[in-house]
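Here is how the chains run, residue by residue.
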Amino acid sequence: MTPPPRARRLAAAATVAFAVLLGAAGCTRDAGTSTSADRGADAGARAVAAPGPVAAAPAAARPANLLLVTVDTLRADHLGFDGYARDTSPRLDALAREGTWFRRCYTQSSTTGASHATLFSSLPPQRHGVFANKQRFPSGIPSLIGELRGHGYATAGFASSVVVGRKFGLQDVFEHFDDEFTTMELNRVARGERPAADTVLAVEKWIASVPPDKPFFAWMHLIDPHGPYAAPENPDRYVGDALDGRIGARFPIGTDDFQPGHIPRYQVLDGRTDADYYVARYDAEIRYADGQLGRLFDFLRERGLDRDTLVVITSDHGETLAEPGHRLLFSHGNIAYEETSRVPLVVREPQGAKRLAAVPQDSPVGLVDLAPTVLGLLGFEAPAGFEGRDVLRRPHAPGDPMFTWGAYGTKRLEDEIGTQFSVREGELRYLRNSADGRPELYDHRDDPAEARDVAAAREADVGRLGELVSKEFSSSSAPAPMKTMTPDHVEALKALGYVE
Ligand SMILES: [Zn+2]
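Quantities reported herein were computed from a predicted structural model and do not represent experimental measurements.

Draft legend 1. How the structure looks around the overall build of the chain. Scanning the chain from N- to C-terminus turns up 14 helices and 16 strands. For the chain, with 500 residues in total, the buried portion stands at 55%. Considering only contacts in the chain between residues 6 or more positions apart, those separated by 24 or more positions represent 70%.

Draft legend 2. Quick look at the pairing of strand 14 (residues 420-425). Of all six residues that make up strand 14, five are buried, and the element is covered over most of its length. Relative to strand 14, strand 13 (residues 402-406) is paired through five bridges, and the arrangement is antiparallel. Bridging across to strand 14, Gly406 finds its partner in Gln420. Between the antiparallel neighbours strand 14 and strand 15 (residues 428-433) lie two residues, among them Gly426 with a positive phi of about 60°.

Draft legend 3. Inspection of the confidence of the model for the chain at higher detail. Summing up the model confidence of the chain, the mean pLDDT is 84 and the portion of residues at 70 or higher is 82%. Predicted confidence is poor over residues 1-60, with pLDDT under 50, and the contacts of this stretch with residues over four places away or in other chains come to 161 contacts. This stretch, residues 478-500, has a pLDDT under 50; its non-local contacts, to residues over four places away or in other chains, come to 40 contacts.

Draft legend 4. Layout of unusual backbone geometry. Put simply, Gly227 and Pro228 share a cis peptide bond, and its omega is -5°. Along the polypeptide, Pro228 turns up in the loop between strand 9 (216-222) and helix 9 (275-302). Phi at Asp270 is positive, roughly 55°, even though this residue is not glycine. On the secondary structure map, Asp270 appears in the loop between strand 9 and helix 9. Although it is not a glycine, Phe330 adopts a positive phi angle of roughly 45°. Of note, Phe330 is situated in the loop between strand 10 (309-314) and helix 10 (338-341).

Draft legend 5. Here's a closer look at helix 9. With 28 residues, helix 9 should reach 40 Å at 1.5 Å per residue; the first-to-last C-alpha distance of 41 Å fits that figure. The buried count for helix 9 comes to 24 of 28 residues, which makes it a mostly enclosed element. Directly after helix 9, the chain includes Gly304, whose backbone phi takes a positive value near 75°.

Draft legend 6. Seen up close, helix 4 (residues 90-98). Inspection of helix 4 places Arg91, Leu92, Leu95 and Ala96 among the buried residues, and these make up the whole buried set. Taken around the axis of helix 4, the buried residues stretch over an arc of 140°, which confines them to a single face. Of the surrounding secondary structure, the elements contacted by the buried residues of helix 4 are strand 3 (100-101), helix 9, strand 10 and strand 11 (345-348).

Draft legend 7. Main features of the pairing of strand 10. With six of its six residues buried, strand 10 lies for the most part within the structure. The two faces of strand 10 match: Thr309, Val311 and Ile313 on one face and Leu310, Val312 and Thr314 on the other face are all buried. The sheet contact formed by strand 10 and strand 11 spans four bridges and is antiparallel. Following the sheet pairing, Thr314 is matched in strand 11 by Leu345.

Draft legend 8. Quick peek at the nonpolar core. Leu66, Val69, Ala218 and Val374 are the most contacted members of the largest nonpolar core, which totals 118 residues. With 14 residues, helix 9 is the largest single contributor of residues to this core.

Draft legend 9. Local environment of the packing of helix 8 (residues 196-209) against helix 9. In contact at an axis separation of 9 Å, helix 8 and helix 9 are set at 15° when each is read in the N-to-C sense. Comparing their axes, helix 9 and helix 8 come out roughly parallel. Note that helix 8 runs across helix 9; the crossing there is right-handed. Residues Ala196, Ala197, Val200, Val203 and Glu204 of helix 8 pack against Tyr288, Ala289, Gln292, Arg295, Leu296 and Phe299 of helix 9. Looking at the contact of helix 8 with helix 9, its residues break down into eight nonpolar, one polar and two charged.

Draft legend 10. Expanded view of the packing of helix 4 against helix 9. Running from N to C, helix 4 and helix 9 cross one another at 50°; their axes reach a closest spacing of 7 Å. Between helix 4 and helix 9, the crossing angle belongs to the class labelled oblique. Contact with helix 4, carried on its side by Pro90, Arg91, Leu92 and Leu95, involves Asp290, Gly291, Leu293, Gly294 and Phe297 of helix 9 and no other residues of that element. By residue class, the composition of the contact of helix 4 with helix 9 is five nonpolar, two polar and two charged.

Draft legend 11. Structural context of the environment of Leu305. Its location among the elements puts Leu305 in the loop between helix 9 and strand 10. Counting along the chain gives 45 residues from Leu305 to Pro350, while the straight-line C-alpha distance between them is 9.4 Å.

Draft legend 12. Region of the structure containing the sheet that holds strand 13. Spatially, four strands are ordered 13-14-15-16 in an open sheet, and the strand pairing comes out antiparallel. Two strands in the sheet have a free side with no partner beyond their single neighbour: strand 13 and strand 16 (439-443). When strand polarity is set aside, the average angle formed by the axes of neighbouring strands in this sheet is 15°. Where strand 15 meets strand 16, five bridges bridge the pair, whose relative direction is antiparallel. Bridging from a neighbouring strand, Arg429 pairs with Tyr442 of strand 16. Relative to strand 15, helix 13 (residues 459-473) is tilted by about 60°, and along the sheet it contacts strand 13, strand 14, strand 15 and strand 16.

Rules behind the numbers
- Residues numbered from 1 in each chain as written.
- Predicted model: local features only at pLDDT ≥ 70, side-chain atom pairs only at ≥ 80, totals over all residues.
- Helix = DSSP H or I, 4+ residues; strand = E, 2+ residues; numbered from the N terminus.
- Buried ≥ 20, exposed ≤ 12 C-beta atoms within 10 Å, placed from the backbone.
- Contact = placed C-beta atoms within 7 Å.
- Pairing = 2+ DSSP bridges.
- pLDDT = per-residue confidence, 0-100.
- Expected span 1.5 Å × (residues − 1).
- Arc of directions from axis to C-beta.
- Core = buried A, V, L, I, M, F, W, Y, C linked by C-beta atoms within 7 Å.
- Axes fitted to C-alpha atoms, helices over the stretch in contact; angles between N-to-C directions.
- Parallel < 35°, antiparallel > 145°, perpendicular 65-115°, else oblique.
- Left-handed = near helix turned anticlockwise from the far one by under 90°.
- Nonpolar A, V, L, I, M, F, W, Y, C, P; charged D, E, K, R; others polar.

This is the structure we're talking about:
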């Protein structure tokens, strides 16, 4: 199939958003406070009592809708509400003001498939067994999708990249699955993808088709900020602005996609070697995705759905741009430093509620916690088997460890860099690199960029966190041969066609 011209990407606007409609479901834990659930119940009672077409009783009686959006490769610190200097996210900033955002949300994997598997199953990669792209979502395990289907939701998934497309297997879990790619990636033309505008249109069309008496769960995946950084609209909008030149470094172009210290081949734009240019282009992708998300938010409002929909926006992992010493440039996958581990999380609850605002700001949350937290907000219990927690009922303590597995499954990367086993604990980040066993330690109190490795001077912290990491990542209960990330296993998976 010939891909449509890139101009097609300009034709429509879309936004990815993960929204849940929170309806009349009551939560006893919120007794004594005015909650959306209370107001939803009130509204439901009024609707039932009122005669005539205004009643809309079925809609009022059902639980809220859920819109869940994963914007692939979206760094939290490049968003306005998170303090970024560029105006990359006016619509998400507004959503964050209306809802709650979490400044310490961490992914459990810096690889797309593994991270999404965690998001839906509430299991870390070392338990669900997906650590690399081209593996399938495990069948037969409890998931957010299956739970909501069981509660009568219409469910649909919309993928914008092959990595979470049909080969990933979510079409076996969602009732409706859409991975109709409308274009091809700029520098890897064999890879189908879909710009946000097209994905948003597909989501809108599906939502419009859901019977009004049925709650819906729509998962929308957007790929735009993922490299190569070629936004369909105004890609050079930040080039030459006040922030341009802040890095001031140039890097050689790599011979492939995985060469440390080099610009990956697939990321190369016009032969440019200046890091600032790539960062500006990355930011323009974020701004584009934000605008399309805004269109989806507008759609929900125009349809009268926004107050009955729980909207959750997050990302599967961030992106290393040009952080000194962080091995790869403009990449993720094997890299589990702060910039790939910390992801945005914005939640807008139905009916204007802000119950999540009660979660302390210094309390970390993992993507593994998202499914039980969302189910709780909708008034449902999490199934046995979910390892994450409902952070509204049981927030993490500020010092609870957040583990991230940096693996990609490509032999080239395993040989060169290895897997990074990483943990953020309070103000410390510890990483161990499988290729050489070398630990790294960073202290966010005076080094938020993780630029100064203090492992050599902090023996006690290194020992303690090293033990913590060993325990966590050796406790895998995943089916063989996915238990560990040794090169042998990578080779085995390669033979099976699971990994590149
Ligand atoms: Zn991804």
